[in-house]
Amino acid sequence: LIAQMASQDLTAPRILRELRTRGYSGGLTILKQHLRQWRGTSKPPRPVFRRFETRPAEEGQIDWSPYRLRIGPVEMVLHCFSLILCYSRRLWIGFYRNERLPTLLHAHVQALEYHQGCPMRLVYDNQTTVTLGRVAKAPLWHPSFLEFARFYGFQPYAARVGHKERKGKVERPFAWIESDLLRGSVFDSLEHLRQKTQEWLDTVANAIYSFVWNEYC
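Here is what the cut-offs are and how they apply
Residues numbered from 1 in each chain as written. Predicted model: local features only at pLDDT ≥ 70, side-chain atom pairs only at ≥ 80, totals over all residues. Heavy atoms only, no water. Phe/Tyr/Trp six-rings, centres within 6.5 Å; stacked < 30°, edge-to-face > 60°. Salt bridge = Lys/Arg side-chain N within 4 Å of Asp/Glu carboxyl O. Buried < 20%, exposed > 50% of the residue type's maximum accessible area, 1.4 Å probe, protein only. Helix = DSSP H or I, 4+ residues; strand = E, 2+ residues; numbered from the N terminus.

Applying the stated criterion across every chain yields a total of 11 aromatic pairs. Among the aromatic residues, those joined into a ring-pair cluster are Tyr124, Trp141, Phe145, Phe148, Phe151, Tyr152 and Phe154.

Before going further, it helps to examine the pattern of salt bridges. Taken as a whole and assessed by the stated rule, the structure comprises 12 salt bridges. With a closest N to O distance of 3.6 Å, arginine 22 and glutamate 18 form a salt bridge. For arginine 22, a relative accessible area of 54% translates into the label exposed. By relative accessible area, glutamate 18 is classed as partly exposed at 25%. Note that arginine 121 is salt-bridged to glutamate 59, the shortest N-O span being 2.7 Å. Residue arginine 121 is located in strand E4 (residues 121-124), and its partner glutamate 59 is located in strand E1 (residues 59-71); the two are separated by 62 residues in the primary sequence. For the pair arginine 121 and glutamate 59, one class covers both residues: buried. Look at the salt bridges and you will find they share partners, linking Arg55, Glu58, Glu59 and Arg121 into a network.

Shown next as structure tokens:
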């Protein structure tokens, strides 16, 4: 079973969760050692950037990423919306059929309800639902989006064109979402995908926050 899951390129933590549902009581370290039989140990070097941090509640980052998923018997492209709180790295994601303005605003509302609040600043790329272009290097905000930002009381910030590193905190988890949540998973329906996503957020991505909150309560 481990060999089968390793051939799907599943991550070690994901394989560990699957094995524990079948009664495995071992740890992650010994599992990783076993997986090296198929994967080896070499990894390509990563580029180095200067870390940019913000204070609690100061900034969140937002982005989209499309994924081709099989929902029941149908293969379709769904768009993953992500809002991450930069200080704590607390994450929310949701899957939608498109990235249009009504969808974008609806996703914001769901994310802010999940986080139970809104940071002072939200960072975006230059998608047309947010900015209509630039005038003297300053973003020309979409009027409906700007009204939405005023209503919720946050300052929108558009990263420079081609400067994806400015949104590195929200960009980085997309590969994790693909490898740990989506890869090798079967979803019976869109509702099933939403349920599994919520379960993954609560028990994997944001597990530490759920634990602290339950202890506090």
